[in-house]
Amino acid sequence: MATLPRLNIPLHVKYIQSLGENKDDLVYHLTAHLRMNAIYWGLTALCVMDHKDALNRDEMIEFVMSCWDEEAGGFGAHPDHDPHILPTLSAIQILTIQGARDRINVPKVTNFILSLQQPSGVFAGDVFGEIDTRFLFCAVLALSLLGQLDQLDVEKTVSYIRRCRNFDGGFGAVIGAESHAAQVFVCVGALAVLDRLDEIDQERLAFWLAERQLPNGGLNGRPEKLEDVCYSFWVLSALSILKKVSWIDADKLIEFIISAEDPEGGGIADRPGDQPDVFHTQFGVAGLSILGYPGLLDLDPVYCMPASVIESLGLRKDWEALPRRVA
Amino acid sequence: MHGVQRVRYSREVLEARKQREQAKLKEYLALTEEVLAKKKSGELNREAFDLTTRVLRLNPEFYTVWNYRRNILLHGIFPSSSPSEINDLLSDDLSMTIAFLKQHPKVYWIWNHRRWCLENVPDCPTDGDPHAWRQANWNKELFVVEKMLDADARNFLAWNYRRYVLASMTLPRSEESELAYTTRKIEANFSNFSAWHQRSKVLTSLWESGNLDPVKSREQEFDLVKNAMYTDPADQSVWIYHAWLIGRGDDAGLLRREIDAIQELLDEQPDSKWCMESLVRYKRLLLQNHTSILEEKERSELREECLRLLSQLKEYDPQRRRRYDELEESVRNT
Ligand SMILES: [Zn+2]
């Protein structure tokens, strides 16, 4: 086998560490509404690169708790920002990875999440009611991590996902919407957590997912669109749940992801030559882990968290990544 | 961040830019602090409303400020406004967010705010029809989303939003006109899978309601898709749609006819992966669903052809060879 390109782990660790030091950058403040997600992305990437301690644990936990909204029972993305299901899931994921679940008011946050379920079975993101299968996934994942899945009306939840399934085997954001790799990831992930993979036309979907790979090795999110590093994770997560990661060319995808890294400043971008960010860094590294890239730790593709954490909670589902290679 | 090129600047250039940015940064932080303080203290007046406008102009992704703005309207301004004033306020917000969308066509929060505005348009008190304002707004909205799709025909947020608008209109538009819209989009660009997808949804609904004869209309669809297949056989949108038309493959005659048509195209374009892929798919459907009407000789011929096509596919499309291996396995076992 040809030698694989090298992932510059120390540089990416430094890049993630440096993200909190840009406080005199306008962009840092313009993205405050994504802070909680960004910390989760950074932490997960660090865990996969086996540098979990590169960010200070206590400071991180204190930040997360400073975003807790006691009245609503959810987390905002930043102190004084409104609670929303996206940062709420990220907060639960961070606290779980850091072994600080005892800080969570489980009954309250469970109520908050359940209150967002709509009569159709889908979840809203917050009280203003935008609906999306992404939010349904967040709810299912959060309840599972908190050990509260028995409180969920599973049939109602699954029936909404079923109505989002398209003839190409994929899933959309809402009923009637076009299949999209990110929505496939959330719907397949939710079905995996709920042990309902029988809802999927597995051969059709795995075919559609395999066709996301373009000649340059990168993956796109929909037919006839451009490749992007973040799809590496979404497509691979679904493929590993269907146990079909081998249906794409792993070496070519590894090459593509690593070619999108910033060789000087660290971090990974959406595609080669672009500006890196923590979102693509995390999804690039996550994709590499599923592809068995040497030297990385296993990532659970359903929860997008370190596999060891999910295993210790007894939540591991029956997925299959590529075997870890030796360098 | 998507599609932002990485540029290396010298330390001096970066420093100079940072200096220039400082004024902007200070202004933004002051505004943010002020708006969040007002929100915390429960201010729901016009001054706070105008402040949210200034913040959102700088950062339309600040969802907390969108929420605050809606709460100001709902609980601070609407209670003391006439229906016509409320309608004007919402119209202003709809105009403002159009300007935002031109710059940020994929920011969810902007689309959400438009939905909220449209859903809060009051009954029209003067006109005979209480829905008059709403209907005028929905019509305008359809026009807006069409403009967005003219700019980017694959923007899936815009497509989702379009379906939402169509479903919300007080005077629904006919599904035939939506079908015509997808025809226009497809004819402008065959590889617009978003339009093919929408077409499959509209047709399903028209067939189920009995407003369109499924047999005749399906034949027209085969003509349309064949035309597209010949134009660009490498375009997967078209082949995915073709597979939808075939469905589960219950009609052996249809399968045979389409197999022949695709074979003809493959003879002209001998390296077309999608021709080979589709032939394997439809031949396997024949084998799986219609084995009882096939003679043993035909069965073994179909199997042989599938295996031959699969080994060719491995050559033309090595990235996915493991899938073709598995398909070979499954053909051998049918
Ligand atoms: Zn991306």
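About the criteria used
- Residues numbered from 1 in each chain as written.
- Chains lettered and ligands numbered in written order.
- Predicted model: local features only at pLDDT ≥ 70, side-chain atom pairs only at ≥ 80, totals over all residues.
- Heavy atoms only, no water.
- Helix = DSSP H or I, 4+ residues; strand = E, 2+ residues; numbered from the N terminus.
- Rg over C-alpha atoms; globule rule 2.2 N^0.38 Å.
- Buried < 20%, exposed > 50% of the residue type's maximum accessible area, 1.4 Å probe, protein only.
- Contact = heavy atoms within 4.5 Å.
- Areas by Shrake-Rupley, 256 points an atom, 1.4 Å probe, with all protein chains shown as cover.
- Lys, Arg positive; Asp, Glu negative; His and termini not counted.
- Charge placed at Lys NZ, Arg CZ, Asp CG, Glu CD.
- Buried area = accessible area lost by both parts, 1.4 Å probe.
- Salt bridge = Lys/Arg side-chain N within 4 Å of Asp/Glu carboxyl O.
- Polar contact = N/O pair within 3.5 Å; in protein donor to acceptor, adjacent residues only side chain to side chain.
- Nonpolar A, V, L, I, M, F, W, Y, C, P; charged D, E, K, R; others polar.
- Axes fitted to C-alpha atoms, helices over the stretch in contact; angles between N-to-C directions.
- Left-handed = near helix turned anticlockwise from the far one by under 90°.
- Patch = residues over 30% accessible without salt bridge, like charges linked within 9 Å, V, L, I, M, F, W, Y side chains within 5 Å.
- Parallel < 35°, antiparallel > 145°, perpendicular 65-115°, else oblique.
- UniProt positions renumbered as here; feature names shortened; annotations may be inferred.
- Donors = N, O, S within 2.8 Å, 3.2 Å for Na, K, Ca; no water.
- pLDDT = per-residue confidence, 0-100.
- Expected span 1.5 Å × (residues − 1).

## Points about the overall build of chain A
Part 1 of the argument: Looking only at helices and strands, one finds 14 helices and four strands in chain A.
Part 2 of the argument: For 327 residues, the compact-globule formula gives about 20 Å, and the C-alpha radius of gyration of chain A, at 19 Å, lands near that figure.
Part 3 of the argument: For chain A, with 327 residues in total, the buried portion stands at 65%.
Part 4 of the argument: Long-range contacts, defined as pairs at least 24 residues apart, comprise 67% of the intrachain contacts of chain A with a sequence gap of at least 6.

## A closer look at the overall build of chain B
Part 1 of the argument: A count of helical and extended segments in chain B gives 15 helices and zero strands.
Part 2 of the argument: Taking 20 Å as the expected radius of gyration for a compact globule of 334 residues, we find that chain B reaches 28 Å, considerably beyond that expectation.
Part 3 of the argument: Its C-alpha atoms give chain B principal-axis dimensions of roughly 85 × 65 × 30 Å.
Part 4 of the argument: Burial status across chain B gives 49% buried among its 334 residues.
Part 5 of the argument: Considering only contacts within chain B whose residues lie at least 6 apart along the sequence, 61% involve residues at least 24 apart.
Part 6 of the argument: Put simply, chain B shows about 16,600 Å² of open surface, and 50% of that area lies on carbon and sulfur atoms.
Part 7 of the argument: When the 51 basic and 54 acidic side-chain charges of chain B are each reduced to a single mean position, those positions are 6 Å apart.

## Focus: the side chain of Asn137 of chain B
Part 1 of the argument: Tracing the chain through its elements places Asn137 of chain B in helix α6 (residues 132-151).
Part 2 of the argument: Not counting residues within four places of it along the chain, the set of residues in contact with Asn137 of chain B comprises Asn87, Leu94, Leu118 and Val121 of chain B.

## Examining the interface of chain A and chain B
Part 1 of the argument: Contacts between the two partners involve 64 residues from chain A, matched on the other side by 62 residues from chain B.
Part 2 of the argument: Both faces considered, chain A and chain B share a buried interface measuring about 5,600 Å² in area, 50% of it formed by carbon and sulfur atoms.
Part 3 of the argument: Between the two partners, chain A and chain B, sit 12 salt bridges.
Part 4 of the argument: Between chain A and chain B we count 40 residue pairs in polar contact (both at pLDDT 80 or more) in total.
Part 5 of the argument: Broken down by secondary-structure element, the contributors of at least two residues to the side of chain A that touches chain B are α2 (26-30), α10 (202-210) and α13 (278-290) of chain A.
Part 6 of the argument: The greatest single-element share of the side of chain A that touches chain B, amounting to five residues, is contributed by α10 of chain A.
Part 7 of the argument: Looking at side-chain class alone, the side of chain A that touches chain B contains 20 nonpolar, 15 polar and 29 charged residues.

## Re the packing of helix α7 (residues 133-145) of chain A against helix α9 (residues 181-193) of chain A
All names here are of chain A.
Part 1 of the argument: As a packed pair, α7 and α9 sit with axes 9 Å apart at the nearest point and diverge in direction by 35 degrees. Considering the relative orientation of α7 and α9, their crossing is left-handed. Note on element contacts: α9 touches α7 through Gln183, Phe185, Val186, Cys187, Gly189, Ala190 and Val193, opposite Thr133, Arg134, Leu136, Phe137, Val140, Leu141 and Ser144.
Part 2 of the argument: Looking at the contact of α7 with α9 residue by residue, the classes come out as nine nonpolar, four polar and one charged.

## Observations concerning the side chain of Ser200 of chain B
Part 1 of the argument: Mapping Ser200 of chain B onto the fold places it in helix α9 (residues 193-209).
Part 2 of the argument: Looking at Ser200 of chain B, the relative accessible area reads 2%, which means it is buried.
Part 3 of the argument: Polar side-chain contacts of Ser200 of chain B include one of 2.7 Å to the backbone oxygen of His197 of chain B.
Part 4 of the argument: The contact partners of Ser200 of chain B, leaving out residues within four places of it in the chain, are Phe167 of chain A together with Tyr241 and Trp244 of chain B.

## Comments concerning a negative patch on the surface
Part 1 of the argument: On the surface, a cluster of negative charge is made up of Asp260, Glu264, Asp267 and Glu268 of chain B.
Part 2 of the argument: Within the element layout of this structure, Glu268 of chain B appears in helix α12 (residues 252-268).

## Brief notes about the packing of helix α4 (residues 83-103) of chain B against α6 of chain B
Residues and elements named next belong to chain B.
Part 1 of the argument: Closest axis-to-axis distance for the α4/α6 pair is 12 Å, and the angle between their directions is 0 degrees. In terms of orientation, α4 lies roughly parallel with respect to α6. Within the contact between the two elements, α4 uses Pro83, Ser84, Asn87, Leu94, Ile98 and Leu101 and α6 uses Trp133, Asn137, Glu141, Val144 and Met148.

## A short note on the environment of Gln275 of chain A
Part 1 of the argument: You can see Gln275 of chain A is positioned in the loop between α12 (250-259) and α13.
Part 2 of the argument: Placed 27 residues apart in sequence, Gln275 of chain A and Val302 of chain A show a C-alpha to C-alpha distance of 28 Å.
Part 3 of the argument: Beyond its immediate stretch of four places on either side in the chain, Gln275 of chain A contacts Ala269 of chain A together with Met1, Val4, Gln5, Arg6 and Val7 of chain B.

## Quick notes on the UniProt feature "domain: Prenyltransferase alpha-alpha toroid" (unreviewed entry) in chain A
Part 1 of the argument: Summarizing the sequence annotation, UniProt attributes the feature "domain: Prenyltransferase alpha-alpha toroid" (unreviewed entry) to residues 8-305 of chain A in the numbering used throughout.
Part 2 of the argument: Structurally, residues 8-305 of chain A comprises 48% helix and 2% strand, and the distance from its first C-alpha atom to its last is 21 Å.

## Topic: a nonpolar patch on the surface
All names here are of chain B.
Part 1 of the argument: Judged by side-chain polarity, Val7, Tyr9, Val13 and Leu14 come together as a nonpolar surface patch covering roughly 330 Å² of accessible area.
Part 2 of the argument: Here Val13 is to be found in helix α1 (residues 11-40).
Part 3 of the argument: On the basis of relative accessibility, which here comes to 42%, the residue Val13 falls in the partly exposed class.

## Overview of the environment of Leu74 of chain B
All names here are of chain B.
Part 1 of the argument: Mapped onto the fold, Leu74 is located in helix α3 (residues 63-77).
Part 2 of the argument: Among the residues examined, Leu74 registers a relative accessible area of 29% and is labelled partly exposed.
Part 3 of the argument: Distance in space between the C-alpha atoms of Leu74 and Pro214 is 47 Å, their sequence separation being 140 residues.
Part 4 of the argument: Discounting chain neighbours no more than four positions away, the residues touching Leu74 are Pro79, Trp116 and Asn120.

## Examining the coordination of the zinc ion
Part 1 of the argument: Within the protein, the atoms that donate to the zinc ion are Asp228 of chain A (OD), Asp228 of chain A (OD), Cys230 of chain A (SG), His280 of chain A (NE2) and His2 of chain B (NE2), at distances of 2.1 to 2.5 Å. One end of the pair, Asp228 of chain A, is in the loop between α10 and α11 (229-241); the other, His280 of chain A, is in helix α13, and 52 residues separate them in sequence.

## Topic: the confidence of the model for chain B
Part 1 of the argument: When pLDDT is averaged along chain B, the result is 94, and 100% of the positions lie at 70 or above.
Part 2 of the argument: This complex was scored by the predictor with a pTM of 0.96 and an ipTM of 0.94.

## What to know about the pattern of salt bridges
Part 1 of the argument: Applying the stated criterion to the full structure yields 51 salt bridges over all chains.
Part 2 of the argument: When the shortest N-O distance is used, the salt bridge between Glu199 of chain A and Arg162 of chain A registers 2.9 Å. Within this pair, whereas Glu199 of chain A is found in the loop between α9 and α10, its partner Arg162 of chain A is found in helix α8 (residues 154-163), the two being separated by 37 residues in sequence.
Part 3 of the argument: Overall, the relative accessible area of 10% leaves Glu199 of chain A in the buried class.
Part 4 of the argument: Since its relative accessible area comes to 32%, Arg162 of chain A is described here as partly exposed.
Part 5 of the argument: A salt bridge links Glu178 of chain A to Arg154 of chain B, with the nearest nitrogen and oxygen atoms 3.0 Å apart. Of this pair, Glu178 of chain A sits in the loop between α8 and α9 while Arg154 of chain B is found in the loop between α6 and α7 (156-168), placing the two residues in two different chains.

## Remarks on helix α10 (residues 214-231) of chain B
All names here are of chain B.
Part 1 of the argument: For α10, with 18 residues, the first-to-last C-alpha span of 26 Å sits near the 26 Å given by 1.5 Å per residue.
Part 2 of the argument: Every buried residue belonging to α10 is among Ser217, Glu221, Phe222, Leu224, Val225, Ala228 and Met229, and all of these are buried.
Part 3 of the argument: Tucked into the core, α10 has its buried residues touching α9, α11 (236-246) and α12.

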